[in-house]
Amino acid sequence: MNILIFSWRGPGHPYAGGAEQVTHEHAKAWVKEGHKVFLFTSSYKSTSGNNTLDGVEIVRKGNQILGVQIAGFLWFSLGKHPKFDLVIDQFHGIPFFTPIYVKTKKLAFIHEVAKEVWRLNPWPKPFNLIPYFLGNLFEPLIFRLVYKNTPFLTGAKSTEDDLVSWGIPRNNITVINHGVELEDKPKKLPDKNNIKTAIFLGAVTRDKGIFDALKVFGEINRKDDSWKFWIVGKAEEHVRKEVRKMIKELGIQEKVKLWGFVSNEKKFELLAKANVMINTSAKEGWGLVNIEANAVGTPVVAYDVSGCRDSIKNGITGILVNYGDYRNIAYEAIKLVNDQAAYSKVQKNAFSWSNNFSWEKAAKESLKLVESL
């Protein structure tokens, strides 16, 4: 088949994250099975234009915010390209509205329903109210009016439930848990740090919970000042300034290390050395970072939100607390790390849990789905 994927970001984009990794893993697996896959995605300043990666032909046009959707419509309607047998419309807040202009078979691919994430958009005040109000008004309408008869693929049961609440029939939704890429995991896991360490891993943004994570670090430090804290992930300069300011206000400058973006090898090394990972994200599509932490024997204490409640088995592979209760995250993290028997049990469970997820398994399931369509 000729398969087209519309996605707001693609491989190589400076802010590409877990969603983009997941999409590419499925796409390259389909290529290996003999299908021809095109990815239409946004361009960016340092892009070298169209290219091929792992057999996936990448077309880059338009800006990631809305521009790529318009460019995609024009390219599909007026541009030169092969006839497609299947068009995959990947959601990330704003979809590509393919049911309006694509007549061939379609599949909506969604990692998470935005919902509360609209409130945490990065626009400066008071302009941040624009996506907040428009997103909350139009997002449910888009599902009900445009995509009600479109099959959906998602990675988590909680996202399936969100879709059903907005009018998508449950029998139109296929849930395929994401795999995890562990090639860069250390062959022999390093010992945990002598000094108790909590790590935050992910995009350093408001919606991923960086400021709540800092509150957690401050609360842990207030109860036990022997800990240290690592922040691993990419941040825009204005967010980095806010983070440094808050670290200073909390009085934990000497305890926090900002690693920035690191290689996969370094990421797994830091995850393995940390005692616990803190995940204060407002919403996850699945929570790849949780499984990555588990794969190197590190439990996660997180908010009980979509995605995290799928990738973390509460009380077994990690701990979930009510959203916004950062003090309880700090309490549970300290309690878990200080109780060696309980920690060893959760650590063992977490490691076993991570073995359930592979890209080979996920790709086999998604291949079956796209071929059935």
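Definitions and cut-offs
Residues numbered from 1 in each chain as written. Predicted model: local features only at pLDDT ≥ 70, side-chain atom pairs only at ≥ 80, totals over all residues. Heavy atoms only, no water. Helix = DSSP H or I, 4+ residues; strand = E, 2+ residues; numbered from the N terminus. Rg over C-alpha atoms; globule rule 2.2 N^0.38 Å. Contact = heavy atoms within 4.5 Å. Areas by Shrake-Rupley, 256 points an atom, 1.4 Å probe, with all protein chains shown as cover. Lys, Arg positive; Asp, Glu negative; His and termini not counted. Charge placed at Lys NZ, Arg CZ, Asp CG, Glu CD. Buried < 20%, exposed > 50% of the residue type's maximum accessible area, 1.4 Å probe, protein only. Pairing = 2+ DSSP bridges. Axes fitted to C-alpha atoms, helices over the stretch in contact; angles between N-to-C directions. Salt bridge = Lys/Arg side-chain N within 4 Å of Asp/Glu carboxyl O. Phe/Tyr/Trp six-rings, centres within 6.5 Å; stacked < 30°, edge-to-face > 60°. Lys NZ or Arg CZ within 6 Å of the ring centre and 35° of its normal. Left-handed = near helix turned anticlockwise from the far one by under 90°. Nonpolar A, V, L, I, M, F, W, Y, C, P; charged D, E, K, R; others polar.

Structural notes on the overall build of the protein chain
Phase 1: Summing up its helical and strand segments, the protein chain has 13 helices and 14 strands in all.
Phase 2: A globule of 373 residues ought to have a C-alpha radius of gyration of about 21 Å, and the protein chain, at 21 Å, matches this closely.
Phase 3: Its C-alpha atoms give the protein chain principal-axis dimensions of roughly 60 × 45 × 40 Å.
Phase 4: Within the protein chain, contacts between residues separated by at least 24 positions form 67% of all contacts whose residues are at least 6 apart in sequence.
Phase 5: For the protein chain, the accessible area works out to roughly 17400 Å², and carbon and sulfur atoms hold 53% of it.
Phase 6: Charged side chains in the protein chain number 51 positive and 39 negative. The centres of these two groups are separated by 2 Å.

A short note on helix α8 (residues 264–273)
Phase 1: Taken together, the buried positions of α8 are Lys267, Phe268, Leu270, Leu271 and Ala272.
Phase 2: On its buried face, α8 sits against β9 (197–201), β10 (228–232), β11 (256–260), β12 (276–279) and α9 (288–295).

Points about the side chain of Asn294
Phase 1: Counting through the fold element by element, Asn294 comes out in helix α9.
Phase 2: If we skip the residues at most four places from it in the chain, Asn294 touches Pro299, Val300, Ser311, Thr317, Ala350, Phe351, Trp353 and Ser354.

Topic: the sheet that holds strand β14 (residues 318–321)
Phase 1: Spatially, 6 strands are ordered β11-β10-β9-β12-β13-β14 in an open sheet, and the strand pairing comes out parallel. Among the strands making up the open sheet, the edge pair consists of β11 and β14. Shown here is a sheet whose adjacent strand axes are inclined to one another by a mean of 20°, direction ignored.
Phase 2: Across 4 bridges, β10 lies against β11 in parallel orientation. Its bridge partner being in β11, Phe229 is matched across the sheet by Val256.
Phase 3: Set on the sheet, helix α11 (residues 326–338) makes contact with β12, β13 (300–303) and β14; between it and β13 the angle comes to about 165°.

Details of the pattern of salt bridges
When their charged atoms lie close together, side chains carrying opposite charge are able to pair.
Phase 1: Across all of its chains, the model carries 18 salt bridges by this definition.
Phase 2: For Asp162, the salt bridge is made with Lys115, and the minimal N-O distance between the two is 3.2 Å. Separated by 47 residues along the polypeptide, Asp162 in helix α5 (residues 157–165) and Lys115 in the loop between β6 (105–110) and α4 (129–146) bring together distant segments of the chain.
Phase 3: A relative accessible area of 11% means that Asp162 is categorised as buried.
Phase 4: We classify Lys115 as partly exposed; its relative accessible area is 25%.
Phase 5: Note that Lys215 and Asp212 form a salt bridge whose closest N and O atoms lie 4.0 Å from each other. Of this pair, Lys215 and Asp212 are both found in helix α6 (residues 210–223), 3 residues apart, which corresponds to roughly one turn of the helix.

What about the packing of aromatic side chains?
Within a pair of aromatic rings, the relevant descriptors are the distance that separates the centres and the angle that separates the planes.
Phase 1: What the rule picks out here adds up to 21 aromatic pairs.
Phase 2: The interplanar angle of 20° and the centroid separation of 6.4 Å between the aromatic rings of Phe76 and Phe84 together place this pair among those described as stacked.
Phase 3: Of the residues examined, Phe84 reaches a relative accessible area of 4% and is grouped as buried.
Phase 4: A cation over an aromatic ring shows up here: Lys257 above the ring of Trp259, its NZ or CZ 4.6 Å from the ring centre.

Regarding the sheet that holds strand β7 (residues 152–154)
Phase 1: Taken in spatial order, the 8 strands of this open sheet run β3-β4-β2-β1-β5-β6-β7-β8, and their pairing is mixed. Edge positions in the sheet fall to β3 (51–53) and β8 (173–175), since each of these pairs with one other strand and no more. If you compare each strand with its neighbour and ignore which way they point, the axes differ by 25° on average.
Phase 2: Along the sheet, α5 contacts β6, β7 and β8; its crossing angle with β8, the most-contacted strand, is approximately 165°.

What about the packing of α9 against helix α12 (residues 340–354)?
Phase 1: Viewed as axis vectors pointing N to C, α9 and α12 meet at an angle of 115°, and their least axial separation amounts to 7 Å. Our pair here, α9 against α12, has a crossing hand that is left-handed. Within the contact between the two elements, α9 uses Ile291, Asn294 and Ala295 and α12 uses Ala350, Phe351, Trp353 and Ser354.
Phase 2: Grouping the constituent residues of the contact of α9 with α12 by class yields 5 nonpolar, 2 polar and no charged.

These results come straight from atomic positions and should not be treated as a statement about function.
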